[in-house]
Amino acid sequence: MKVKTLSRSSDVYLPARNCEVSRLPRNLDPDLHPFERAREYTRALNATKLERVFAAPFVGQLGNGHIDGVYCIARHTRRLNSAASGSGDGVIKYWDLSSKEEVASFTAHRGIVKGLAVTLDGNLLSCGMDNTVKLWDVMETDHSGGPSKTFLGSSGFTGIDHHRSNPIFVTSSNAVQLWDENRSKPTADLSWGADNVNTVRFNQTEQSIIASTGSDRSIVIHDIRSKAPVQKLVTLMRTNAVCWNPIEAFNFAAANEDHNVYLYDMRHLTRSLNVYKDHVSAVMDVDFSPTGQELVTGSYDKTLRIYRVNEGHSRDIYHTKRMQRIFCVRFTMDARYIMSGSDEGNIRVWRAEAAARSNVKSARERSKLEYEATLKERYKNMPEIRRISRHRHLPKPIKTASETKRIELASIKRKEENMRRRSKKGTMPYAKEREKQIIGVAITEVENKV
């Protein structure tokens, strides 16, 4: 006579310590769980709903802000809790992000502060329309004696950026100029064609490459090794800001006046890799997250949007009733928070993930969050989950302007298609300049309504 018995090792189900919970055996055979997908869908739906319920993106503002508009923000590349801001009255403030308090404040320029950059040793470089670039030691308690160094230029400066590993920086004014911190005069002139250069940024990976934008609607790529411009792209409208992807060294994003942000590969500037839409007014600034997977934009329409790199529409939009036109946005170095500076003088701190929290999480809580994130990713294309995750409440002017823009762009596409058909038949030549006029008129009408 044979008797079959179940044999199970005690190591499988008994806890190793008294403080641990007893482990339960689980059979993963799918035939024994016929309703597993239904249960997972329900869990994904509940997780998506709870994510929207607990979404609270606004963290707070830094100190009392400025008494004038904030037009530039610089983050410390080697500290998570330090940042600087410059306003329209020439005042620079240095902030402690942990306590959201002001560490130092000093009047740096006569007029607007156009650019800020952090040096290798943690000091600040600032530039303004008073034809000066100044180096500040932020650790000093008294700045009444003035800056550590002053660099004089021939015209007002519009932007500045510092090299990642060398004591050199680049400025934009009526020309793109390369400077050494130990010299009082620029070491190279990299300008190409434009009467005025709006902004300039160093590539953080390919550190000898610089991107600049000009008043002639151009985007120019420079190489400091040959001290000469390499490539030039002329867009339909002016570019307000550029930012390099910190992970994909050849790609950069350009914030344009036509309400869009364009992703380019500097090796092939004939066409953009992606177009980030949804804004209804000019995009004033753009910044990549340190992971290179997302980018944030600030616009003249008083909203801040977050995009995934491989998607064309924003995954989230942030706005408040009191926030005015946004001129600068920056990710923090841990990619968990976003800083924005607007025209009413406040610097706001936002969560990159609206429902995320910064508290210390236990192992079980982290496991639960990872499980829910996996479920939401698996079922993200289901109609109900997609509708809940994409829905956002928009201010009425933004919603009205979005509808108006959608109708006008559809009309432009119909006109273009009709022009192509007529040009193929020979009844009417294809007028490219006429298309530019139509697009320009439509954009102006939408901005006036905002």
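Residues numbered from 1 in each chain as written. Predicted model: local features only at pLDDT ≥ 70, side-chain atom pairs only at ≥ 80, totals over all residues. Heavy atoms only, no water.

Asker: How should I be thinking about the side chain of Asp161 in this particular structure?
Answerer: Locating Asp161 in the fold gives a position in strand β10 (residues 159-162). With relative accessibility at 13%, the residue Asp161 sits in the buried group. In this structure the side chain of Asp161 is engaged in a polar contact, spanning 2.7 Å, whose partner is the backbone nitrogen of Phe202. Apart from the residues lying within four places of it in its own chain, the contact partners of Asp161 are Ala117, Phe169, Val170, Val200, Arg201, Phe202 and Gln204. (Helix = DSSP H or I, 4+ residues; strand = E, 2+ residues; numbered from the N terminus. Buried < 20%, exposed > 50% of the residue type's maximum accessible area, 1.4 Å probe, protein only. Polar contact = N/O pair within 3.5 Å; in protein donor to acceptor, adjacent residues only side chain to side chain. Contact = heavy atoms within 4.5 Å.)

Asker: What is the right way to read the layout of surface pockets from this model?
Answerer: Considering only enclosed or pocket space, the second largest pocket measures out at about 1,200 Å³ in volume. Along the walls of the second largest pocket sit 46 residues, with Ile73, Leu116, Ile160, Arg201 and Arg330 positioned nearest its centre. Elements represented by at least two residues in the lining of the second largest pocket include exactly β2 (70-75), β6 (113-118), β10, β14 (197-202), β18 (239-244), β22 (283-288) and β26 (326-331). Of the residues belonging to the lining of the second largest pocket, the class tally is 23 nonpolar, 13 polar and 10 charged. (1 Å grid on protein atoms, 1.4 Å probe; cavity = no way out; pocket = protein on both sides within 12 Å on 5 of 7 lines; lining within 4 Å. Points joined across faces, edges and corners; volume = space filled by probe spheres on them. Nonpolar A, V, L, I, M, F, W, Y, C, P; charged D, E, K, R; others polar.)

Asker: What is the right way to read the sheet that holds strand β8 (residues 132-136) from this model?
Answerer: What holds strands together in a sheet is hydrogen bonding between their backbones, with the strands either parallel or antiparallel. One open sheet holds the four strands; their spatial order is β6-β7-β8-β9, and the pairing between them is antiparallel. For this open sheet the edge positions go to β6 and β9 (149-152), each flanked by a neighbour on one side alone. When the angles between neighbouring strand axes are averaged without regard to direction, this sheet yields 20°. Where β8 meets β9, four bridges bridge the pair, whose relative direction is antiparallel. Among the inter-strand pairings, Lys134 is bridged to a residue of β9, identified as Thr150. (Pairing = 2+ DSSP bridges. Axes fitted to C-alpha atoms, helices over the stretch in contact; angles between N-to-C directions.)

Asker: Can you walk me through the packing of helix α2 (residues 36-53) against helix α4 (residues 383-390) in this structure?
Answerer: Each packed pair of helices is defined by two parameters, the angle between the axes and the distance between the axes. Axis separation between α2 and α4 bottoms out at 9 Å; the angle between their running directions is 10°. Relative to α4, the element α2 is oriented roughly parallel. Residue-level contacts link Tyr41, Ala44, Leu45, Thr48, Lys49 and Arg52 of α2 to Glu384, Ile385, Ile388 and Ser389 of α4. (Parallel < 35°, antiparallel > 145°, perpendicular 65-115°, else oblique.)

Asker: Could you clarify how one ought to interpret the nonpolar core in this entry?
Answerer: One recurring pattern in soluble globular proteins: nonpolar side chains tend to sit buried together. Residues Ile92, Tyr94, Leu116, Leu124 and Trp136 are the most contacted members of the largest nonpolar core, which totals 14 residues. Going through the elements one at a time, β2, β4 (91-96), β5 (101-107) and β6 are the ones with two or more residues in this core. Element by element, the count of residues in this core is highest for β6, at three residues. Ignoring sequence-local partners within four residues, the contact set of Leu124 consists of Ala84, Ile92, Tyr94, Ala117, Val118, Lys134, Leu135, Trp136 and Val138. (Core = buried A, V, L, I, M, F, W, Y, C linked by side-chain atoms within 4.5 Å.)

Asker: Quick question: what am I supposed to make of the sheet that holds β10 here?
Answerer: Read across the sheet, four strands follow the order β10-β11-β12-β13 without closing on themselves; strand pairing throughout is antiparallel. At either margin of the open sheet sits one strand with a lone partner, and together these are β10 and β13 (188-189). The pairing of strand β11 (residues 168-172) with strand β12 (residues 176-180) spans five bridges and is antiparallel. When the bridges of β12 are listed, Thr171 appears paired with Gln177.

Asker: Mind showing me how you'd approach the environment of Val234 here?
Answerer: Its place among the elements puts Val234 in strand β17 (residues 228-234). Separated by 176 residues in sequence, Val234 and Ala410 place their C-alpha atoms 25 Å apart. What Val234 contacts, discounting residues up to four positions off in sequence, is Asp216, Arg217 and Ser218.

Asker: Can you walk me through the pairing of strand β28 (residues 347-351) in this structure?
Answerer: When a strand is regular, its side chains alternate between the sheet's two faces. Among the five residues of β28, five are classified as buried, and the element is accordingly described as predominantly covered. Burial along β28 is two-sided: Ile347, Val349 and Arg351 facing one way and Arg348 and Trp350 facing the other are all buried. With three bridges joining them, strand β1 (residues 58-61) and β28 adopt antiparallel strand pairing. Bridging across to β28, Phe58 finds its partner in Trp350. Pairing of strand β27 (residues 337-342) with β28 involves five bridges; the strand directions are antiparallel. Note that in β28 the partner of Ile338 across the bridge is Trp350. Counted along the chain from β27 to the antiparallel partner β28, the turn is four residues long, and its residue Gly345 has a positive phi close to 100°.

Asker: Any chance you could explain the packing of aromatic side chains here in plain terms?
Answerer: The geometry of two aromatic rings is summed up by the distance between their centres and the angle between their planes. Scanning the entire structure with this criterion turns up 14 aromatic pairs. Taken together, a centroid distance of 6.0 Å and an interplanar angle of 75° make the contact between Tyr41 and Tyr379 edge-to-face. Within this pair, whereas Tyr41 is found in helix α2, its partner Tyr379 is found in the loop between α3 (363-378) and α4, the two being separated by 338 residues in sequence. For Tyr41, a relative accessible area of 21% puts it in the partly exposed group. Classification of Tyr379 as buried rests on a relative accessible area of 6%. With 6.0 Å between their ring centres and 5° between their planes, Phe169 and Trp179 make a pair best called stacked. With Phe169 in strand β11 and Trp179 in strand β12, the pair connects residues that are 10 residues apart, well separated along the chain. (Phe/Tyr/Trp six-rings, centres within 6.5 Å; stacked < 30°, edge-to-face > 60°.)

Asker: Looking at this structure, I do not really get a nonpolar patch on the surface. What am I missing?
Answerer: A grouping of Leu50, Val53 and Phe54 is seen on the molecular surface, where their side chains present a nonpolar patch of about 310 Å² in accessible area. Relative to the helices and strands, Leu50 is located in helix α2. (Patch = residues over 30% accessible without salt bridge, like charges linked within 9 Å, V, L, I, M, F, W, Y side chains within 5 Å. Areas by Shrake-Rupley, 256 points an atom, 1.4 Å probe, with all protein chains shown as cover. Salt bridge = Lys/Arg side-chain N within 4 Å of Asp/Glu carboxyl O.)

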